[in-house]
Amino acid sequence: MDQMNHAPDEELLSLTYEQALAALEAVVAKLESGDVTLDESMQLFRKGTLLSRICADRLAAIERQITQLLEKEDGSVEEKPFAND
Amino acid sequence: MRDAITVAELNRYVNTLLESDSQLNPVLVKGELSGVKAYPSGHIYFTLKDSAAAVSCVLFRGYAGRLRFQPENGLKVIVTAKATVYDRDGRFQLLVMDMSADGLGALYLAFEQLKRRLEAEGLFDPAHKRRLPLLPRAIGVVTSPAGAVIRDIIQVLGRRYPNFRLQLIPVPVQGEGAAEAIAAAIRRFNALGSVDVLIVGRGGGSLEDLWPFNEECVARAVYASQIPVISAVGHETDFTICDFAADVRAPTPSAAAELAMPVRAEQETRISQLRDQLARALNRRLDQQKLRLEHLRQHRVFRQPLERLDRRRQDLDRLSDALRRAMGDQADRTGHRLSVLCGKLDALSPLKVLARGYGVVRSVPAGRTLLSTALIQPKDLVDVTLTDGTLRCEVQQITDWRISGDGSDESRA
């Protein structure tokens, strides 16, 4: 987690939702522990804010899409919308 | 005649015989449960019987804990057991390792046999099971495109997470070729890598209907999947080989959808909670620092910076007074001594002597005070200093008062 604390922002941007959430939880826990300098606190807060934004982005990034994959005669796969009514 | 052996040796020997017989170790036996007795130790004792025979059985705690049902008197079961002779009383008994409900015929036996084989091979190993992702970017479903299962899944997903993404590979879920199609669909999703979690399943049905999910090829495809698999076959009470091989078994397709996707609102709440916690933690941190600073500021040094100085100044005043006092005493003592000395000096002053009529005679030009006439000749000049001035005089005559040999005065002129 310490490594993640020092990870540059670009690295954070590649985290999955789950990883970003775990990192955010760790940042909060660390900040709450109070075992950090004031400078580190500011750093942690900044990082945590970024992570929470990444989490929120990941949640919103999924677009509703329901498809079915059909195998064509030549063996290739075709993706078509799927409606089940 | 051979030597007699002990009873213990006899029982041990019979056990050796039983253990070496592959037909008995293990052996599947079907019968009816009677005299079921569960002990506080966790072991379960019972008799397995049919219309013509009975055999004692013991189900040790470790095995009993794995049963999916409670053994009850009258229940028809198939036990998987090891035949032994109990050393203490020489009674023949079965050490039961597994028990399943009978009445399902050959299919069930096949199920039990395949299950046992794959389990021994490690296909159900908990250590091999993958964790489900918290938020799959897309969910893959392997089931029939018709019917309630896919509809239920879509409904539940939509409730939990309106903007979910789902890919379906439609497959037949019963009958000839269904198992192969299911296995192929699982492999296809793995080849495409387009989804983060798989739901494989079908609705309830007879054991025959569910059978494709008990086929070895499905179990192996599930086991080999790099994508975590949720198995959702039939109803809550139906267990299939696919369930055992899957990373997670869901009792129903709807439950599978719940396992696959988080509730978006809950996640959002969690994030905003963390965000609040973050802000609170930082504020607390800042408050702590502020408090510390305030505390320092309250310190007397900062509160009244002049007080210290004033006190020092007071010290200084007090010290200079003392010094001055000490100096004054010293000066007084010195002054007194001086006046005494001055008095003495005054008394000795030649001026005082001159005032009484004496004069000091000095030679000219040497200016040497004359104490005797010896160095002076008539006509020499001398200076005579009186109390208020000096007389330059020429010596006209010298009278020597020194006692001569004849006692008479001698005058020079």
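Residues numbered from 1 in each chain as written. Chains lettered and ligands numbered in written order. Predicted model: local features only at pLDDT ≥ 70, side-chain atom pairs only at ≥ 80, totals over all residues.

### Here we look at the overall build of chain A
Consideration 1: What chain A contains, in helices and strands, is four helices and two strands.
Consideration 2: In chain A, the order of α-helices and β-strands from amino to carboxyl end is α-α-α-α-β-β.
Consideration 3: Counting only residues that meet the buried cut, chain A has 25% of its 85 residues in that class. (Helix = DSSP H or I, 4+ residues; strand = E, 2+ residues; numbered from the N terminus. Buried ≥ 20, exposed ≤ 12 C-beta atoms within 10 Å, placed from the backbone.)

### A short note on the overall build of chain B
Consideration 1: Check the secondary structure of chain B and you find 13 helices and 15 strands.
Consideration 2: Expressed as a percentage of its 413 residues, the buried residues of chain B come to 23%.
Consideration 3: Long-range contacts, defined as pairs at least 24 residues apart, comprise 60% of the intrachain contacts of chain B with a sequence gap of at least 6. (Contact = placed C-beta atoms within 7 Å.)

### Regarding the environment of A:Leu15
Residues and elements named next belong to chain A.
Consideration 1: Looking at the element boundaries, Leu-15 is found in the loop between helix 2 (9-13) and helix 3 (17-33).
Consideration 2: Distance from Leu-15 to Leu-51, taken between C-alpha atoms, is 9.1 Å for residues 36 residues apart in sequence.
Consideration 3: When sequence neighbours within four positions are dropped, the list of residues in contact with Leu-15 reads Ala-20, Ala-23 and Ile-54.

### Details of the nonpolar core
Within soluble globular proteins, side chains that are nonpolar tend to cluster in buried spots.
Consideration 1: Judged by nonpolar contacts, the single largest core of 50 residues is most densely connected at B:Ile182, B:Ile186, B:Leu198, B:Ile199, B:Val222, B:Ile230 and B:Cys242.
Consideration 2: Of all the elements, helix 5 (residues 178-192) of chain B adds the most residues to this core, at seven residues.
Consideration 3: For B:Leu198, the contacting residues outside a window of four places in its chain are B:Gly140, B:Val142, B:Ile186, B:Phe189, B:Ser225, B:Ile227, B:Pro228, B:Val229 and B:Ile230.
Consideration 4: Judged by nonpolar contacts, the second largest core, of 19 residues, contains A:Tyr17, A:Leu31, B:Leu135 and B:Ile271. (Core = buried A, V, L, I, M, F, W, Y, C linked by C-beta atoms within 7 Å.)

### Here we look at the interface of chain B and chain A
Consideration 1: On the side of chain A, 30 residues touch chain B, which itself brings 29 residues to the contact.
Consideration 2: Put simply, the parts of the chain that give the side of chain B that touches chain A at least two residues each are helix 4 (148-160), strand 7 (165-170) and helix 10 (264-297) of chain B.
Consideration 3: For the side of chain B that touches chain A, a count of residues per class yields 17 nonpolar, five polar and seven charged.
Consideration 4: Looking at chain direction, strand 1 (residues 65-71) of chain A and strand 7 of chain B are connected through four bridges and run parallel. By the bridge assignment for strand 7 of chain B, A:Ile66 is matched with B:Leu166. (Nonpolar A, V, L, I, M, F, W, Y, C, P; charged D, E, K, R; others polar. Pairing = 2+ DSSP bridges.)

### Quick look at the sheet that holds strand 5 (residues 91-101) of chain B
Residue and element names in this part refer to chain B.
Consideration 1: What the five strands build is a closed barrel, ordered 1-2-3-5-4; its pairing is mixed. Ignoring strand direction, the axes of neighbouring strands in this sheet form an average angle of 50°.
Consideration 2: Inspection of the sheet shows strand 1 (residues 27-38) paired to strand 4 (residues 76-86) by six bridges, in the antiparallel sense. Among the inter-strand pairings, Leu-28 is bridged to a residue of strand 4, identified as Thr-80. (Axes fitted to C-alpha atoms, helices over the stretch in contact; angles between N-to-C directions.)

### Side note on the pairing of strand 1 of chain A
Consideration 1: Where strand 1 of chain A meets strand 2 (residues 77-81) of chain A, five bridges bridge the pair, whose relative direction is antiparallel. Counterpart to A:Thr67 in the pairing with strand 2 of chain A is A:Pro81.

### Digging into helix 1 (residues 7-20) of chain B
The α-helix advances 3.6 residues per turn, and as a result positions three or four apart in sequence lie on the same side.
Consideration 1: Taking 1.5 Å of rise per residue, the 14 residues of helix 1 of chain B would be expected to cover 20 Å, and the 20 Å separating its terminal C-alpha atoms lies within 8% of that figure.
Consideration 2: The element helix 1 of chain B is barely covered by neighbouring structure, given that only zero of its 14 residues are classed as buried. (Expected span 1.5 Å × (residues − 1).)

### Topic: the packing of helix 3 of chain A against helix 10 of chain B
Consideration 1: It is the contact of helix 3 of chain A with helix 10 of chain B, at a shortest axis distance of 9 Å, that shows an interaxial angle of 25°. Relative to helix 10 of chain B, the element helix 3 of chain A lies roughly parallel. Considering how the two elements wind past one another, helix 3 of chain A and helix 10 of chain B form a crossing that is left-handed. Residues A:Leu24, A:Glu25, A:Val27, A:Val28, A:Leu31 and A:Glu32 of helix 3 of chain A form the contact with helix 10 of chain B, whose participating residues are B:Leu274, B:Gln277, B:Leu278, B:Ala281, B:Leu282 and B:Arg285.
Consideration 2: Taken together, the residues that form the contact of helix 3 of chain A with helix 10 of chain B break down as eight nonpolar, one polar and three charged. (Parallel < 35°, antiparallel > 145°, perpendicular 65-115°, else oblique. Left-handed = near helix turned anticlockwise from the far one by under 90°.)

### Concerning the environment of B:Lys76
Consideration 1: Structurally, B:Lys76 is set in strand 4.
Consideration 2: Sequence separation of B:Lys76 and B:Ser100 is 24 residues, and the distance between their C-alpha atoms is 8.7 Å.

### What to know about the sheet that holds strand 11 (residues 360-363) of chain B
All names here are of chain B.
Consideration 1: Judged by pairing direction, the sheet is antiparallel, and its three strands sit side by side in the order 11-12-13 without closing on themselves. Both edges of this open sheet fall to strand 11 and strand 13 (389-394), since each of them pairs with a single strand only. On average, each strand axis in the sheet is tilted by 25° relative to the strand beside it, whichever way the strands run.
Consideration 2: When strand 12 (residues 381-386) meets strand 13, the two strands line up antiparallel, connected through six bridges. Paired with Val-384 across the bridge in strand 13 is Leu-391.

### Some thoughts on the confidence of the model for chain B
Residue and element names in this part refer to chain B.
Consideration 1: When pLDDT is averaged across chain B, the result is 86; 92% of the residues are at 70 or more.
Consideration 2: Mean pLDDT per element in chain B: strand 15 (residues 410-412) is the minimum at 63, and strand 6 (residues 139-143) is the maximum at 97.
Consideration 3: What the predictor reports for the complex is a pTM of 0.56 with an ipTM of 0.82. (pLDDT = per-residue confidence, 0-100.)

### Here's the deal with the packing of helix 3 of chain A against helix 4 (residues 38-61) of chain A
All names here are of chain A.
Consideration 1: Between helix 3 and helix 4, the shortest axis-to-axis distance is 9 Å and the interhelical angle comes to 155°. Between helix 3 and helix 4, the angle is such that the two are roughly antiparallel. Viewed along their axes, helix 3 and helix 4 form a crossing whose handedness is left-handed. Of the residues in helix 4, those in contact with Tyr-17, Ala-20, Leu-21, Ala-23, Leu-24, Val-27, Val-28, Lys-30 and Leu-31 of helix 3 are Ser-41, Leu-44, Phe-45, Lys-47, Gly-48, Leu-51, Ser-52, Ile-54, Cys-55, Arg-58 and Leu-59.

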